[in-house]
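# Analysis of the macromolecular model
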Amino acid sequence: MASELAERILSYLDQNGHVDTFDLASVFNEDHQKVVGAVKSIEALGELISSETVTRKKWTLTDEGKAVASGGSHEALVYNFIPTEGIAQTVIMKEVPNAKVGFSKAMSAGWIMVDKSAGSPLVKRKVETITDTVQEHLKAVEKELDEAISDSIKNDYKKRKLLQEIIIKSFVLRKGPEFTTTVTKLETDLTTEMLASGSWKDLKFKAYNFDALGATPEPGYLHPLLNVRTEFRQIFLEMGFSEMPTNNYIENSFWNFDALFQPQQHPARDAHDTFFMSDPATSSKFPMEYLEKVKKVHSQGGYGSQGYGYNWKIEEAQKNILRTHTTAVSARMLYALAQQKEFQPQKYFSIDKVFRNETLDATHLAEFHQVEGVIADYNLSLADLIQVLHDFFSHLGFKKMQFKPAYNPYTEPSMEIFCFHEGLDKWIEVGNSGVFRPEMLLPMGLPEDVNVIAWGLSLERPTMIKYGYNNIRDLVGPKVDLKMVMESPLCRLDRN
Ligand code: PHE
């Protein structure tokens, strides 16, 4: 216990007056750092003790010195290697570690000699026995029993890289003005009770340690879908689009279907495909003038269209649903745009959740995210749409594109978009697009020479391709492994 050590230090000081922490460590047979730690905690209590920093030098063994202390000096190893009949110097050089130093040291110590009398020179022992003083000295240093060894000898060993001098910092402790031998525990919290009773005046408080490392805060993590969404958003922003407000999952059928010239008998408006709200089941606020125009274009036609020729009912349009596409938001935005005094060309985008009553499988969930781009400008054509799609998808790293005629109630012409994925080495369907119908735009009040081109895709599909998921349930829903979220890399869609 640290406080126990602190009390031992205090009572030692009480008896001895002063002491060096370094000596204290050996008296207590404790690690010096621990003693210093206890001193710091005593100092935090007030002026119980005074301390003065002292530095001293200490000799310690290098790694080579440690090897000599345990196995013998280089010269002793050379001496011991030599048999009574002598041996060629080349063999010594080859077999004995550090033989070069060992040989010359053994020669100058007079332990060995070179006998040239018998033709080729032989190295022989010159004395019967040797005393390996170097090893003994180093052992003494190792055990800190080296006071008798002179500094000049130690400096010799330093030159031989067997010893090194290190500097040790310690503290000389003395009794302070507030000296006591008992350690009172410092208060760490100021409580209401202390304030109410006034006891805080007599209590000692622990100082803040501003050097302490705080607990590492656990950061939040972005789900791969959000990473990909950020990338898409960046691409749209770079292309000069502004984001539409998509913060309404609940929509009514009017904006989700009717405004988009989707007939009321259309199969997508069936409970098999769409989630209907039970409470509140209907909406009641609509721009009535516009609603009448929508009703008319559905039932009787207009703007050069025959319409669908059925009995359009407001009750059907009032039904609340979970929006099935973000194109409902685009419809609201285009209507709002048409209400401006003067038409200004616009580029809009949105990325948000939509809901469909689908049969769930490995690639379909009842909710997913849609990425949608919309451009309203004078005299836009299919060529403009193709150009902007090339531009958009090349930002995602797709160079080759193909289009296939498709059908949407609200666009004419309509095209499915295919891109060639170099990594997967195949054509993949990436989205749907088209030119909004006059039956949708003209009732809103947009000028006749204004066209609106638009496209949509899911956020999940590119994310699955980018992060290599085959099953959407690994990406979204209750089976998602949170570790996947924490460890998933940042997303970089390839840029051209
Ligand atoms: N709303 C379409 C869908 O749900 C996507 C789309 C948007 C198509 C805009 C054409 C124009 O798939």
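Going by the structure above, here's the rest.
First, a word on scope: everything that follows refers to the structure included in this document. (Residues numbered from 1 in each chain as written. Predicted model: local features only at pLDDT ≥ 70, side-chain atom pairs only at ≥ 80, totals over all residues. Heavy atoms only, no water.)

## So, the site of the ligand
Applicable threshold: We call a residue near a molecule or strand whenever a single non-hydrogen atom of that residue lies within 4 Å of it. Residues adjacent in sequence count toward polar contacts only when both atoms are side-chain atoms; beyond that, a polar contact is any pair of N or O atoms within 3.5 Å, and within protein one must be able to donate a hydrogen and the other to accept it. Accessible surface area values rest on a Shrake-Rupley calculation with a 1.4 Å probe, where residue burial reflects the displayed protein chains alone. In this description a helix means any DSSP run of H or I spanning at least four residues, a strand means any run of E spanning at least two, and both kinds are numbered starting from the N terminus. Under this grouping Gly is polar, as are all residues other than the nonpolar Ala, Val, Leu, Ile, Met, Phe, Trp, Tyr, Cys and Pro and the charged Asp, Glu, Lys and Arg.
Around the ligand sit 13 residues, and of these His325, Thr327, Arg356, Gln370 and Tyr410 come closest. In the environment of the ligand, a nitrogen atom lies 2.7 Å from a nitrogen or oxygen atom belonging to the side chain of Thr327. Contact with the protein chains covers 91% of the free accessible surface of the ligand, which is 320 Å². Mapped by element, the contributors of at least two residues to the shell around the ligand are strand E10 (367-378), strand E13 (426-436) and strand E14 (450-458). Tallied by class, residues from the shell around the ligand come to three nonpolar, eight polar and two charged.

## Things to note about the nonpolar core
For clarity, the threshold we go by: In plain words, nonpolar cores are sets of buried Ala, Val, Leu, Ile, Met, Phe, Trp, Tyr and Cys residues tied together by side-chain atoms within 4.5 Å. Type-normalised accessible area, obtained with a 1.4 Å probe on protein chains alone, sets the label of each residue: buried when under 20%, exposed when over 50%, and partly exposed for intermediate values.
In terms of nonpolar packing, the biggest core is built from 41 residues, with Phe232, Leu389, Phe392, Phe393, Leu396 and Trp455 touching the most fellow members. Counting residues in hydrophobic clusters, the runner-up holds 32 residues, among them Leu337, Val374, Ala376 and Tyr410.

## Some words on a nonpolar patch on the surface
As a reminder of what qualifies: A patch consists of residues exposed above 30% relative accessible area that lack any salt bridge, with like charges linked at up to 9 Å and nonpolar side chains (Val, Leu, Ile, Met, Phe, Trp, Tyr) linked at up to 5 Å. Each salt bridge in this description consists of a side-chain nitrogen of Lys or Arg and a carboxyl oxygen of Asp or Glu lying within 4 Å of one another.
A cluster of nonpolar side chains, contributed by Leu190, Leu195, Trp200 and Phe205, occupies part of the molecular surface with about 380 Å² of accessible area. With respect to the element layout, Trp200 can be found in the loop between helix H10 (192-197) and helix H11 (224-238). Exposure remark for Trp200: the relative accessible area of 36% places this residue in the partly exposed category.

## Description of unusual backbone geometry
The residue after Asp279, namely Pro280, is reached through a cis peptide bond having omega 0°. Relative to the helices and strands, Pro280 resides in the loop between helix H12 (253-256) and helix H13 (288-299). Note the cis peptide between Glu412 and Pro413, where omega equals -5°. Summarising the element assignment, Pro413 is placed in strand E12 (residues 411-421). In this structure, Lys161 takes a positive phi of about 60° despite not being glycine. Its place among the elements puts Lys161 in the loop between helix H9 (151-159) and strand E5 (163-175). Positive phi, close to 60°, is recorded for Asp425, a residue that is not glycine. Topologically, Asp425 is positioned in the loop between E12 and E13.

## Details of the packing of helix H4 (residues 63-71) against helix H8 (residues 133-142)
The relative placement of two packed helices comes down to the angle between their axes together with the axis-to-axis distance. We apply this condition: Think of each axis as a best-fit line through the C-alpha atoms, taken over the contacting stretch in the case of a helix, with angles from 0 to 180 degrees between the N-to-C directions. Each angle receives one of four descriptions, namely roughly parallel if under 35 degrees, roughly antiparallel if over 145, roughly perpendicular if within 65 to 115, and oblique otherwise. Left-handed describes a crossing in which the near helix is turned anticlockwise from the far one by less than a right angle; the clockwise case is right-handed. Note on contacts: a residue pair is in contact if any heavy atoms of the two residues lie within 4.5 Å.
The interhelical angle for the contact between H4 and H8, taken along N-to-C directions, is 115°, at an axis separation of 8 Å. As far as their axial angle goes, H8 and H4 are roughly perpendicular. For H4 against H8, the interelement crossing comes out left-handed. Where H4 abuts H8, its residues Gly65, Lys66, Val68, Ala69, Ser70 and Gly71 lie against Val134, Gln135, Leu138, Lys139 and Glu142. When the residues that make up the contact of H4 with H8 are grouped by side-chain class, the tally is four nonpolar, four polar and three charged.

## What to know about a negative patch on the surface
Heads up, the rule is: We score Asp and Glu as negative and Lys and Arg as positive, and we do not count His or the chain ends. Charge coordinates come from a single atom per side chain, which is NZ of Lys, CZ of Arg, CG of Asp or CD of Glu.
A contiguous patch of negative charge, built from Asp270, Asp273, Glu358 and Asp361, is present on the exposed surface. Locating Asp273 in the fold gives a position in the loop between H12 and H13.

## Thoughts on the pairing of E5
In plain terms, the rule: Strands were regarded as paired on the criterion that DSSP finds at least two bridges between them.
Here strand E1 (residues 18-20) runs beside E5; their pairing, made up of three bridges, is antiparallel. Each residue of the ladder has a partner; that of Val19, found in E5, is Leu173. Relative to E5, strand E2 (residues 49-61) runs antiparallel, the two sharing 13 bridges. Paired with Lys58 across the two strands is Ile166, which belongs to E5.

## Considerations on the pattern of salt bridges
Taken as a whole and assessed by the stated rule, the structure comprises 20 salt bridges. Linking Arg332 and Glu251 is a salt bridge whose minimum nitrogen-to-oxygen distance equals 2.8 Å. With Arg332 in helix H15 (residues 327-338) and Glu251 in strand E7 (residues 250-252), this pair connects stretches of sequence that are 81 residues apart. By relative accessible area, which is 2% here, Glu251 ends up buried.

## Thoughts on the pairing of E12
Counting buried residues along E12, eight of its 11 residues qualify, which places the element largely inside the surrounding structure. The pairing of strand E11 (residues 401-408) with E12 spans seven bridges and is antiparallel. Paired with Pro405 across the strands is Met415, a residue of E12. From the end of E11 to the start of E12, which pair antiparallel, there are two residues.

## With respect to the packing of aromatic side chains
For any pair of aromatic rings, the description rests on two quantities: the centre-to-centre distance and the angle between the ring planes. Where we set the bar: In summary, the pairing rule links any two rings of Phe, Tyr or Trp, Trp by its six-membered ring, whose centres are within 6.5 Å, and it sorts them by plane angle into stacked for under 30 degrees, edge-to-face for over 60 and tilted for everything else. Two thresholds decide whether a charge sits over a ring: the Lys NZ or Arg CZ must be within 6 Å of the ring centre and within 35 degrees of the ring normal.
Counted by the stated rule, this structure contains 23 aromatic pairs. Plain terms: the ring middles of Tyr290 and Tyr335 are 4.6 Å apart, the flat faces sit at 25° to each other, and that makes the pair stacked. Here Tyr290 is found in helix H13, whereas its partner Tyr335 is found in helix H15, with 45 residues between them in sequence. Each member of the aromatic cluster is reached from another via a ring pair, and the members are Phe232, Phe236, Phe241, Phe349, Phe392, Phe393 and Trp455. Over the aromatic face of Phe179 sits the side chain of Lys175, whose NZ or CZ is 5.2 Å from the ring centroid.

## Looking at the sheet that holds E1
What the three strands build is an open sheet, ordered E1-E5-E2; its pairing is antiparallel. This sheet does not close on itself; its edge strands, each paired only once, are E1 and E2. Ignoring which end each strand starts from, the neighbouring axes of this sheet average 20° apart. Sitting on the sheet, H8 is in contact with E2 and E5, with an inclination near 160° to E2.

## Details of the packing of helix H5 (residues 74-81) against helix H7 (residues 99-108)
Look at H5 against H7: their axes get within 7 Å of each other, and the N-to-C directions meet at 85°. Here H7 runs roughly perpendicular to H5, going by the angle between their axes. For the pair H5 and H7, contact is made by His74, Glu75 and Val78 and by Ala99, Val101, Gly102, Phe103, Lys105 and Ala106, respectively. The class makeup of the residues in the contact of H5 with H7 is five nonpolar, two polar and two charged.

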